[in-house]
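As a plain string of letters, each chain reads:
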Amino acid sequence: MTDQLRADAARLLREARAVVVFTGAGISAESGVATFRDALTGLWERYDPQQLATAEAFHAAPDLVWGWYEWRRALVSRARPNAGHHAVAAIEAHAPSTVVVTQNVDDLHERAGTRALVRLHGSLFAPRCVRCAAPASLPPPPGDTPEGGGRIPPPSCVECDGPVRPGVVWFGESLPEDQLAAAVRAASTCDLLLTVGTSAVVYPAAEIPRVAARHGAPVVQVNPYETPLDALADINLRGPAGQVLPALVAAAWPDAGGAR
Ligand code: BV8
Ligand code: ZN
């Protein structure tokens, strides 16, 4: 990544009145949380996450799917926000109208201090009853056993005894309308969109950077690799979020000591 590109991106960030930070699994990679397309390990390695993350898979094999989410919740619970998450929180501190739109289902943005968070795909920490939609409480996460966790029967709802499901949006399911509307509203009115750590292939989330560009906002991308957004982005900062974002924040607000 050249210094000039970072300087240009830093100027856009400093001068922006309304920033949207759009994040995917890549921002959590340096916290040790495998990205969605990383090969799965242990019990899950023979499964394609896209096949597991569906209502059909949960219906066919509830213990397998619930065990997978519980294993991921254990991994996230043991992970810590990395410098990339903290830099995103610092952007919000410097530019209070910032909105973070995440595709991730971990809680690392909240734990790093981000407050204005739009969650497009739900959360590992918000299971609910399939039948009455009552929120379900979660036991302490199982140990993330090295072989990659195991089959765990989903709990039953304390209100109606129905089956409890993970609080995430599965493939083939609609996104929460209020969250998608908030993301589109923020992207339509921002004057900078920073897209970090996403392969930008899952829709309708992947539309969000395109909405910002259509409304004339510059798009800055942070990713070690090429993505379908390369052509759309005004600036491509090649590198890991945990290194690129703190440097970008420090360049944008040098006298404030960068990421807080
Ligand atoms: C829907 C929760 C309507 C579950 C997830 C064509 C057009 C429109 C839609 C479709 C279409 N074809 C098929 C569809 C439907 C489908 C879809 O988009 N499929 C894709 C694969 C084509 N979409 C849906 O089903 C959505 N719903 O369309 O509803 C509808 C309603 C009824 C009936 C039919 C349709 C719902 C999609 C939500 C799925 N749920 N997550 C769970 O987590 O288990 S999505 C899942 O993938 C993750 O949440 C994640 O958000 C998402 C995308 O992955 P990324 O975040 O981008 O992560 P990925 O691993 O892909 O990439 C990581 C990136 O990080 C890489 O670029 C890598 O280079 C980079 N990276 C790595 N290290 C670092 C880094 N970057 C920075 N720093 C680093 N250190
Ligand atoms: Zn219930």
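Our structure's up above, just so we're on the same page.
Since the structure is predicted, the reported quantities are computational estimates derived from the model, not experimental observations. (Residues numbered from 1 in each chain as written. Chains lettered and ligands numbered in written order. Predicted model: local features only at pLDDT ≥ 70, side-chain atom pairs only at ≥ 80, totals over all residues. Heavy atoms only, no water.)

Student: Quick question: what am I supposed to make of the sheet that holds strand E3 (residues 117–119) here?
Tutor: Strands in a sheet are paired, the pairing made by backbone hydrogen bonds, and the direction either parallel or antiparallel. The sheet built from 6 strands is open, its strands ordered E3-E2-E1-E6-E7-E8 with parallel pairing. The two strands at the open ends of the sheet, each matched to only one other strand, are E3 and strand E8 (235–237). Sheet twist, expressed as the mean angle between neighbouring strand axes with direction ignored, is 20°. This element, helix H1 (residues 3–15), spans strand E1 (19–23), strand E6 (192–196), strand E7 (219–222) and E8 of the sheet and lies at about 115° to E8. Relative to E3, helix H8 (residues 177–189) is tilted by about 130°, and along the sheet it contacts E1, strand E2 (99–102) and E3. (Pairing = 2+ DSSP bridges. Helix = DSSP H or I, 4+ residues; strand = E, 2+ residues; numbered from the N terminus. Axes fitted to C-alpha atoms, helices over the stretch in contact; angles between N-to-C directions. Contact = heavy atoms within 4.5 Å.)

Student: Please explain the pattern of salt bridges as it appears in this structure.
Tutor: Between side chains of opposite charge, a pair can form when the charged atoms approach closely. Here the structure, examined in full by the defined rule, presents 9 salt bridges. Residue Glu15 is joined to Arg11 by a salt bridge in which the shortest nitrogen-to-oxygen separation is 3.6 Å. A residue pair is termed a helical-turn pair when its members lie 3 or 4 positions apart in one helix, as Glu15 and Arg11 do in helix H1 at 4 residues. Look at Glu15 and you get exposed, because its relative accessible area is 55%. Given a relative accessible area of 36%, Arg11 falls into the partly exposed group. Of the charged contacts in the structure, one is a salt bridge between Arg165 and Glu173, with a shortest N-O distance of 2.7 Å. We classify Arg165 as buried; its relative accessible area is 8%. Overall, the relative accessible area of 24% leaves Glu173 in the partly exposed class. (Salt bridge = Lys/Arg side-chain N within 4 Å of Asp/Glu carboxyl O. Buried < 20%, exposed > 50% of the residue type's maximum accessible area, 1.4 Å probe, protein only.)

Student: What am I meant to see in the side chain of Asn82 here?
Tutor: Within the secondary structure layout, Asn82 lies in the loop between helix H5 (62–78) and helix H6 (83–94). If we ignore the near neighbours within four places in the chain, the residues touching Asn82 are Ile27, Ser28, Glu30, Ser31 and Gly242.

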